[in-house]
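Observations on the three-dimensional arrangement
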Amino acid sequence: MYDFLIVGCGFAGSVLAERLADAEKKVLIVDKRDHIGGNAYDFYDTEGILIHKYGPHIFHTNSEEVFRCLSRFTQWRPYEHRVLASVDGQLLPIPINLTTINKLYGRNLTSDEVVKFLASKAELRKPVLTSEDVVVNAVGKELYEKFFRGYTKKQWDLDPSELDASVTARVPTRTNCDDRYFTDTYQAMPKNGYTQMFRNMLSHPNIHIMLNTNYKDIVDLIPHQKLIYTGPIDAYFDYLFGKLPYRSIDFHFETLDQDIYQKTGTINYPISNLYTRITEFKYLTGQKHAKTTIVYEYPTAEGDPYYPIPRKENQDIYNEYKKLAAQIPTVYFTGRLGTYKYYNMDQVVAQSLALFRKIIKEENAVPQ
Ligand code: FAD
Ligand code: UDP
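Residues numbered from 1 in each chain as written. Chains lettered and ligands numbered in written order. Predicted model: local features only at pLDDT ≥ 70, side-chain atom pairs only at ≥ 80, totals over all residues. Heavy atoms only, no water.

Attention now goes to the sheet that holds strand E7 (residues 83-87). Spatially, E8-E7-E13-E14-E15-E12-E16 is the arrangement adopted by the seven strands of the open sheet, whose pairing is mixed. Unpaired on one side and paired on the other, strand E8 (90-94) and strand E16 (307-308) mark the two borders of the sheet. Taken together, the nine bridges between strand E12 (residues 246-256) and strand E15 (residues 292-300) define a ladder with antiparallel strand orientation. Bridging from a neighbouring strand, Ser248 pairs with Thr300 of E15. (Pairing = 2+ DSSP bridges. Helix = DSSP H or I, 4+ residues; strand = E, 2+ residues; numbered from the N terminus.)

Laid out in structure tokens, this is it:
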């Protein structure tokens, strides 16, 4: 008899498995894939270069609790991600910053001057509801067209005006020269990769792992007290209220017989090409190798569900599932797919730690 059957070996499931095992619970964790780590899974390709199977994953967080939690299972390599956007024949920093504006317009503005410059371009939007509003309100239509509209259309197959503000709000506007993609307190990559970190996390004697296993095939066969589900919530309920839309990506990997391919970890292509961005893994991992592997991301509607699509009509469907989920006290839904939230890795870890506390509190409240 297991105390918990956990569906999904990604961040959501693995963090909970470890916490519960440490609290002396017996845990079975299953994944239908042939590996642990969920979408953060990394491995060495045939040339021996460490790559991320499901696209580039850069760890960043402001949460000391999250960073401390993961630090028990990995050492870190400090890494600050930098991204350039290919616009008007130039490679310019994104998020838009002082350098972006000066290079794009051939100017030599100071920080104070660029504040005024952007204010003169910005079109006030009140209230700011959509992803178009966010950008146009900050930098105006011209920069919106150059950096955001095309990229967003490719990534989501929606116009930014059809997406929640939260999507483009992930990318700020800066009036200084800070060209880091993220400004979080903790920015680092697991020194020996994500998969090794997951291996360490799941190596507890109270945790059993079953890969290549759809939980539906075993859920009635393996006795367990409670279920934690981190797959897509609509699939759990057999699409009772209809399918929740997700965006997927085709990843095209290329290994090149050269040390370095591009100027920085990621180059975005907001206007040209069918792919959104190219990432070169060696920047992220710090690996030294005579060759280099890059990945192109081609967004698509078909395929594994990678991105929940933040917009009201989808949230309404999710809320129906959420209401139903709340009526099943022995099943917990969590993670990016289980709660249909466009969460980064650290947010999923924080969510799992919060759920762990809730579960323990509930268990302590029930007389044994
Ligand atoms: P997942 O990792 O998706 O794990 C869910 C697991 O459940 C999967 O392994 C799946 O196989 C399994 N599962 C589903 N259904 C079943 C079933 N029926 N039976 C058994 N198993 C099942 N975050 C960052 O912080 N930084 C980044 O740079 C970053 N880059 C990203 C780039 C891309 C292209 C993508 C798609 C995501 C990125 N993320 C990034 C987000 C990050 O991947 C997620 O926040 C995180 O992986 C979510 O973890 P999870 O455990 O909730 O879900
Ligand atoms: N975005 C954009 N142009 C860019 C970078 C981002 O339009 O050069 C928009 C786009 O809609 C994207 C969103 O901002 O989906 C969030 O970007 P982020 O880099 O956070 O996406 P992720 O890494 O999660 O795919």
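Once you've had a look at it, read on.
So, on to the environment of Leu129. Structurally, Leu129 is set in the loop between helix H4 (111-121) and helix H5 (131-139). Judged by relative accessible area, Leu129 falls into the exposed class, the value being 57%. Through-space distance from the C-alpha of Leu129 to that of Glu162 is 9.6 Å; in sequence the pair is 33 residues apart. Ignoring anything within four residues of it in the chain, the contact list for Leu129 reads Leu163, Asp164 and Ala165. (Buried < 20%, exposed > 50% of the residue type's maximum accessible area, 1.4 Å probe, protein only. Contact = heavy atoms within 4.5 Å.)

With that settled, the discussion passes to the packing of aromatic side chains. Counted according to the given criterion, the structure contains 30 aromatic pairs. Taken together through their ring pairs, the aromatic side chains of Tyr215, Tyr229, Tyr236, Phe237, Phe241, Tyr321 and Phe333 make up a single cluster. In this structure, Arg19 is placed above the aromatic ring of Phe356, and the distance from its NZ or CZ to the ring centre is 5.8 Å. A cation over an aromatic ring shows up here: Arg336 above the ring of Tyr307, its NZ or CZ 4.9 Å from the ring centre. (Phe/Tyr/Trp six-rings, centres within 6.5 Å; stacked < 30°, edge-to-face > 60°. Lys NZ or Arg CZ within 6 Å of the ring centre and 35° of its normal.)

So, about the pattern of salt bridges. Scanning the model with the defined rule gives 28 salt bridges in all. Its salt-bridge partner being Arg125, residue Glu123 comes within 3.7 Å of it at the nearest N-O pair. You can call Glu123 partly exposed: its relative accessible area is 31%. A salt bridge links Arg125 to Glu132; the shortest N-O distance between them is 2.7 Å. (Salt bridge = Lys/Arg side-chain N within 4 Å of Asp/Glu carboxyl O.)

Glancing now at the site of ligand 2. Neighbouring residues of ligand 2: 15 residues in total, closest Thr152, Arg170, Tyr181, Tyr307 and Tyr342. In the model, an oxygen atom of ligand 2 is placed 2.9 Å from a nitrogen or oxygen of the Asn268 side chain. Considering each element in turn, the shell around ligand 2 owes the most residues, six residues, to helix H6 (residues 141-156). When grouped by side-chain class, the residues that make up the shell around ligand 2 number 10 nonpolar, three polar and two charged. (Near = heavy atom within 4 Å. Polar contact = N/O pair within 3.5 Å; in protein donor to acceptor, adjacent residues only side chain to side chain. Nonpolar A, V, L, I, M, F, W, Y, C, P; charged D, E, K, R; others polar.)

Let us look at the pairing of strand E1 (residues 2-7). Of all the six residues making up E1, five are buried; the element is thus mostly covered by neighbouring parts of the structure. Pairing geometry for E1 and strand E2 (residues 27-30), over four bridges, is parallel. Among the inter-strand pairings, Ile6 is bridged to a residue of E2, identified as Ile29. Handedness of the crossover joining E1 and E2 through helix H1 (residues 11-22): right-handed. (Right-handed = clockwise from strand over helix to strand, strands pointing away.)

In this section: the site of ligand 1. What surrounds ligand 1 is a group of 30 residues, the closest being Asp31, His57, Ile58, Tyr343 and Met345. In this structure, Pro56 approaches ligand 1 through a main-chain N or O atom, which is 3.0 Å from a nitrogen atom. Burial of ligand 1 by the protein chains amounts to 95% of its free accessible area of 1,000 Å². The set of elements that each furnish at least two residues to the shell around ligand 1 consists of H1, helix H13 (335-338) and helix H14 (345-365). When residues of the shell around ligand 1 are assigned to their parent elements, the largest contribution, three residues, is made by H13. The residue makeup of the shell around ligand 1, split by class, is 14 nonpolar, 11 polar and five charged. (Areas by Shrake-Rupley, 256 points an atom, 1.4 Å probe, with all protein chains shown as cover.)

As far as function goes, none of this settles anything; it's purely spatial.
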